[in-house]
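Breakdown of the fold
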Amino acid sequence: MNILILGSGGREHTIAWKIAQSAKCKHLFVAPGNSGTSEIATNVPLSVTDFGAIKDVVLKNDIKMVIVGPEDPLVLGVHDFFLADAQLKNVAVIGPQKAAAELEGSKEFAKKFLFRHNIPTAAYQSFDATTVEAGCDFLETLKPPYVLKADGLAAGKGVLILKDLEEAKTELKAMLVDAKFGTASTKVVIEEFLDGIELSCFVLTDGKNYKILPTAKDYKRIGEGDTGLNTGGMGAISPVPFADNEFMSKIKERVVIPTINGLQKDNLPYKGFVFIGLIKVGNDPFVIEYNVRLGDPETEVVLPRLKNDLVEVFQAVASQTLNDITIDIDDRAATTVMLVSGGYPEAYEKGKEITGLENIEGSLVFHAGANLKEGKVVTSGGRVMAVTSFGKTYQEAIKKSYQNIDKLHFDKMNYRKDIGFDL
Ligand code: AMP
Ligand code: GLY
């Protein structure tokens, strides 16, 4: 069958790489894609939130399955758009419907869901412009640091963690009254701070059945030792070494099962990935957030470890027969290191030629902010490419990634040299 992937990052190149290996995939399209996807699929220039343009591509190319990479089209209801259209309703869409995508689209919605289904998470209250003073009073009752979250989508920038009470009050007002994050901060969730180490758990569900995929840990800060500004993610490791069997069974019993049951009880139609951001406090898992898609760069370590035919798995999601599938995971560790443009996550230059790709041995290179220009691969974004490697241990895998990174070059290339330092 013909398949379309929506998105243009390292996550989408990895999904494309995996799908392209399936005998069930005839023609693969990625919209808009990047230089990496152009080698294995047909790139189609369009905006992932232009549903009319997506419809045209699907009909013109006889596409039978659409895999949605990023959250925006899901939160805007791309799956519902397909179901409501007579010509599109039989196309399999991998990604939840709008009502369920609110788990990522609204922090308050996610918190209410977590409390309703008794899933461990930080205590919270939410506020809007009419209750700013109550918000300040609530901050007074908490111990520092203070966690403020813009309710809506803010491209990963909407969470502030502040040590000082007065600064927290000032920021709360900036978010609610001065629209610091635009409409995303019309509401703000204030949360109890949880102290622990973070990890992510990926679950695939067809709305009835579920499969737990490998865990991963990403490194969000730009600087070594987890310092400096937040980024989309500078590297990742899978599996997470401290997530042993005992901890995994707590995640399954206390988080995954109540989440999947909660989706059904609340009538939230879900065929896709649930990305559960967790924090280990003492020996117990707490949910920090839900995302309704795969993570980036977590995908670059999770999917390479999956041995199954991904098209077969997605077909089972579409037909709600995921229970008939046995998920087969590579025992080896996988690591990825993200190469970024100098200056990122602040201002950076684009259009730098990337050289050395032909010299890579024993690693996978997934393109992110990279594109073809006059036959050359050049940078086109902040996060440029992810270098993924396998090893018996994550230490062995990470060494291989760094050896291959030494062969790659572009002007002002930057990357973290300490991925896995805290494990
Ligand atoms: P989120 O967008 O909700 O994932 O939050 C972004 C980051 O803020 C998380 O990855 C955590 O590092 C941190 N964070 C969020 N909520 C909390 C919390 N309640 N306690 C401690 N850290 C948090
Ligand atoms: N790496 C974090 C995310 O994809 O949201």
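An unreviewed UniProt entry annotates the protein chain as Phosphoribosylamine--glycine ligase originating from Bizionia saleffrena. Looking at the Sequence similarities (unreviewed entry) heading of the UniProt record, one finds this comment for the protein chain: "Belongs to the GARS family."

**Observations concerning the site of ligand 2**
Around ligand 2, a shell composed of Asp218, Gly232, Phe275, Arg293, Gly295, Asp296, Pro297 and Glu298 is seen. The contact in question runs from a nitrogen atom of ligand 2 to an N or O atom on the side chain of aspartate 218, over 2.8 Å. Here the shell around ligand 2 is built from residues that sort into two nonpolar, two polar and four charged.

**Let's talk about the sheet that holds strand β9 (residues 187-191)**
Taken together, four strands build an open sheet; the order of strands is β6-β9-β7-β8 and the sheet is antiparallel. In the strand order of this sheet, the two ends are held by β6 (124-128) and β8 (159-162), each with one partner. Across this sheet, the average inter-strand angle for adjacent strands is 20 degrees, counted without regard to direction. Along the sheet, helix α7 (residues 107-116) makes contact with β6, β7 (146-150), β8 and β9, crossing β9 at roughly 45 degrees.

**What to know about the pairing of strand β2 (residues 28-32)**
In terms of burial, β2 is largely enclosed, as four of its five residues are buried. Direction of pairing for strand β1 (residues 2-7) relative to β2: parallel, over a ladder of five bridges. Bridge pairing links isoleucine 5 to valine 30 in β2. Tracing the backbone out of β1, into helix α1 (residues 10-19) and back to the parallel element β2 gives a crossover that is right-handed. Examined bridge by bridge, β2 and strand β3 (residues 42-43) share two bridges and lie parallel to one another. Each residue of the ladder has a partner; that of valine 30, found in β3, is asparagine 43.

Thresholds applied
- Residues numbered from 1 in each chain as written.
- Chains lettered and ligands numbered in written order.
- Predicted model: local features only at pLDDT ≥ 70, side-chain atom pairs only at ≥ 80, totals over all residues.
- Heavy atoms only, no water.
- UniProt positions renumbered as here; feature names shortened; annotations may be inferred.
- Near = heavy atom within 4 Å.
- Polar contact = N/O pair within 3.5 Å; in protein donor to acceptor, adjacent residues only side chain to side chain.
- Nonpolar A, V, L, I, M, F, W, Y, C, P; charged D, E, K, R; others polar.
- Pairing = 2+ DSSP bridges.
- Helix = DSSP H or I, 4+ residues; strand = E, 2+ residues; numbered from the N terminus.
- Axes fitted to C-alpha atoms, helices over the stretch in contact; angles between N-to-C directions.
- Contact = heavy atoms within 4.5 Å.
- Buried < 20%, exposed > 50% of the residue type's maximum accessible area, 1.4 Å probe, protein only.
- Right-handed = clockwise from strand over helix to strand, strands pointing away.

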